[in-house]
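Chain and residue survey
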Amino acid sequence: MHSFHGIIPPVSTLFTPDGRFDSAAQARLIDKMIAGGVHGLFFLGSNGEAAHMTAEMRFEIAEFTIAHVAGRVPVLIGISVPGTSESIAFARHAEAHGADGIVAINPYYSPLGEENLYRYFVAIAEAVPLPMMIYNFPAVTGQDLSPELIVRLARDCPSIIGLKDTVDTLSHIRRVIQTVKPVRPDFLVFSGFEEYMLGTLAMGGDGCVPASGNFAPHLTVSIYEAFRAGDYAKVFAGQNRLINILPLYSLESPFYGIIKQAMKMTGFSDATTVLPPSLDATPASVALIRKALTAAGVLAETKPRQQDKAFEAAAS
């Protein structure tokens, strides 16, 4: 079994201009992210636009990405939809095609009582033995997962191995760590936003799931590795670069097009199409993206092929 830790970006899904899955572009992106030093890859999450896909497209993308990664890093596949039976079907498909783990967000649309939430995650865990990460993202589901619910699931379900906590407050991450780690020390806690990565690590968490890993994986990887090595001067230097990127996520909602424009500017991919109802980044946002990437020192004034070599050298 792979060990999940460190930097596991939520990978953007790439499309042709007519909205079909672009497997060739996806393969190049995967290779560049792995060359950037990431410790795993998470497909079909929020940034992967899974909520805007048909089931058939999700199956296609899961199969392709698992096969192309080919064991180089651990692969997590997002499996959740509002219905339990279909979430289990996506989980079984991921298991059948060799995923290392699955990620389950709580059902959205209808707020659920805590017992209903508990039974949803337990039903998936009982149906599929793959390691499962719980995904807490109250900004999109409309419902927060309490530390008390998370510790109950961690205690009752050994295959539920961790939490991706995409919350806009470090206190929730701290409460989860303080509540769950004493009961189950191997339970993993990842921050969903880069802004809270350093605080998460300092409190005993295990990593981050940064969208910037799609266009600057070496940046968060270097911060994580420096923290683990105790090189705090390098940590703070990297953090001071990272803060320039964080405002990009609030430029537009959702930010899928923003990420893809950043990928284009840094030479990671030219495939900027997003699925409707999302829209491409506006010209005004594109100018702000370029400014932010320049300030962060990740927008090399070189040709894409030279950029690729630079990123590979940084990861070596």
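Above this text you will find the structure in question.
Before going into details, it helps to say that this report is about the structure given with it.

Calculation notes
Residues numbered from 1 in each chain as written. Predicted model: local features only at pLDDT ≥ 70, side-chain atom pairs only at ≥ 80, totals over all residues. Heavy atoms only, no water. Helix = DSSP H or I, 4+ residues; strand = E, 2+ residues; numbered from the N terminus. Buried < 20%, exposed > 50% of the residue type's maximum accessible area, 1.4 Å probe, protein only. Salt bridge = Lys/Arg side-chain N within 4 Å of Asp/Glu carboxyl O. Phe/Tyr/Trp six-rings, centres within 6.5 Å; stacked < 30°, edge-to-face > 60°. Lys NZ or Arg CZ within 6 Å of the ring centre and 35° of its normal. Arc of directions from axis to C-beta. Contact = heavy atoms within 4.5 Å. Core = buried A, V, L, I, M, F, W, Y, C linked by side-chain atoms within 4.5 Å. Polar contact = N/O pair within 3.5 Å; in protein donor to acceptor, adjacent residues only side chain to side chain. Pairing = 2+ DSSP bridges. Axes fitted to C-alpha atoms, helices over the stretch in contact; angles between N-to-C directions.

1. Considerations on unusual backbone geometry
Among all residues except glycine, the phi angle is most often negative; among peptide bonds, the trans geometry is most common. Serine 253 connects to proline 254 through a cis peptide bond whose omega is -5°. Examined against the element boundaries, proline 254 turns out to sit in the loop between helix H10 (232-242) and helix H11 (256-265). Of note, the amide linkage connecting proline 276 to proline 277 takes the cis form, showing an omega dihedral of 15°. Position of proline 277 among the secondary structure elements: in the loop between H11 and helix H12 (283-296). Unusually for a residue other than glycine, alanine 70 sits at a positive phi of about 55°. Relative accessible area serves as the criterion here: at 58%, alanine 70 is assigned to the exposed category. Backbone geometry places tyrosine 109, a non-glycine residue, at a positive phi of 90°. Tracing the chain through its elements places tyrosine 109 in the loop between strand S4 (101-105) and helix H4 (114-127).

2. What about the pattern of salt bridges?
For the structure shown, the criterion picks out 6 salt bridges. Two residues, lysine 260 and glutamate 49, come together in a salt bridge whose shortest N-O distance is 2.7 Å. Taken together, the positions of lysine 260 in helix H11 and glutamate 49 in the loop between strand S2 (41-43) and helix H2 (55-69) put the pair 211 residues apart, joining distant regions of the chain. Grouping residues by exposure puts lysine 260 and glutamate 49 together as buried.

3. Describing the packing of aromatic side chains
Here the structure, examined in full by the defined rule, presents 9 aromatic pairs. On the basis of an interplanar angle of 75° and a centroid distance of 6.2 Å, the ring pair of phenylalanine 255 and tyrosine 256 is categorised as edge-to-face. Of the two residues, phenylalanine 255 and tyrosine 256, both sit in the buried class. Each member of the aromatic cluster is reached from another via a ring pair, and the members are Phe42, Tyr135, Phe137 and Phe193. Lying over the aromatic face of phenylalanine 90, arginine 58 brings its terminal NZ or CZ to 4.2 Å of the ring centre. The residue whose ring lies beneath lysine 164 is phenylalanine 137, and the NZ or CZ to ring-centre distance is 6.0 Å.

4. Points about helix H7 (residues 170-180)
What H7 keeps buried is the set His172, Ile173, Val176, Ile177 and Val180. Axial view of H7: buried residues confined to an arc of 135°, hence all on one face. Close packing links the buried residues of H7 with strand S5 (132-136), helix H6 (147-156), strand S6 (160-165), strand S7 (188-191) and helix H8 (197-202).

5. Here's the deal with the environment of leucine 76
Tracing the sequence through the fold places leucine 76 in strand S3 (residues 75-78). C-alpha separation for the pair leucine 76 and isoleucine 66, spaced 10 residues apart in sequence, amounts to 8.8 Å. Setting aside residues no more than four positions away along its own chain, leucine 76 makes contact with Phe4, Ile8, Leu41, Phe42, Phe43, Gly101, Ile102, Val103 and Met133.

6. Quick word on the nonpolar core
Leu41, Phe43, Ile77, Phe121, Ile124, Ile160 and Leu293 are the most contacted members of the largest nonpolar core, which totals 96 residues. In this structure leucine 41 touches Ile8, Pro9, Val11, Ile30, Met33, Ile34, Val69, Val73, Pro74, Val75 and Leu76, once residues within four positions along its chain are discounted.

7. Describing the environment of phenylalanine 215
Checked against the element boundaries, phenylalanine 215 lands in the loop between strand S8 (207-208) and helix H9 (217-229). Residues phenylalanine 215 and alanine 281 lie 66 residues apart in sequence; the distance between their C-alpha atoms is 16 Å.

8. Overview of the side chain of serine 191
Secondary-structure assignment places serine 191 in strand S7. At 3.4 Å, the side chain of serine 191 forms a polar contact with the backbone oxygen of phenylalanine 193. Apart from the residues lying within four places of it in its own chain, the contact partners of serine 191 are Asp165, Ile173, Tyr196, Met197, Thr200, Gly207, Cys208 and Val209.

9. Describing the sheet that holds S5
The pairing of strands in a sheet comes from backbone hydrogen bonds and takes either a parallel or an antiparallel form. The sheet built from 8 strands is open, its strands ordered S1-S8-S7-S6-S5-S4-S3-S2 with parallel pairing. Since the sheet does not close on itself, it has two edges, and those belong to strand S1 (6-7) and S2, each with one partner. Contacting S2 and S3, H2 runs over the sheet at an angle of about 175° to S3.

10. With respect to the side chain of histidine 172
Looking at where histidine 172 falls in the secondary structure, it is placed in helix H7. Histidine 172 gets classed as buried once you look at its relative accessible area, which sits at 3%. Polar side-chain contacts of histidine 172 include one of 3.4 Å to the side chain of aspartate 144. When residues no more than four places from it in sequence are discounted, the contact partners of histidine 172 are Asn136, Asp144, Leu145, Pro147, Asp165 and Val167.

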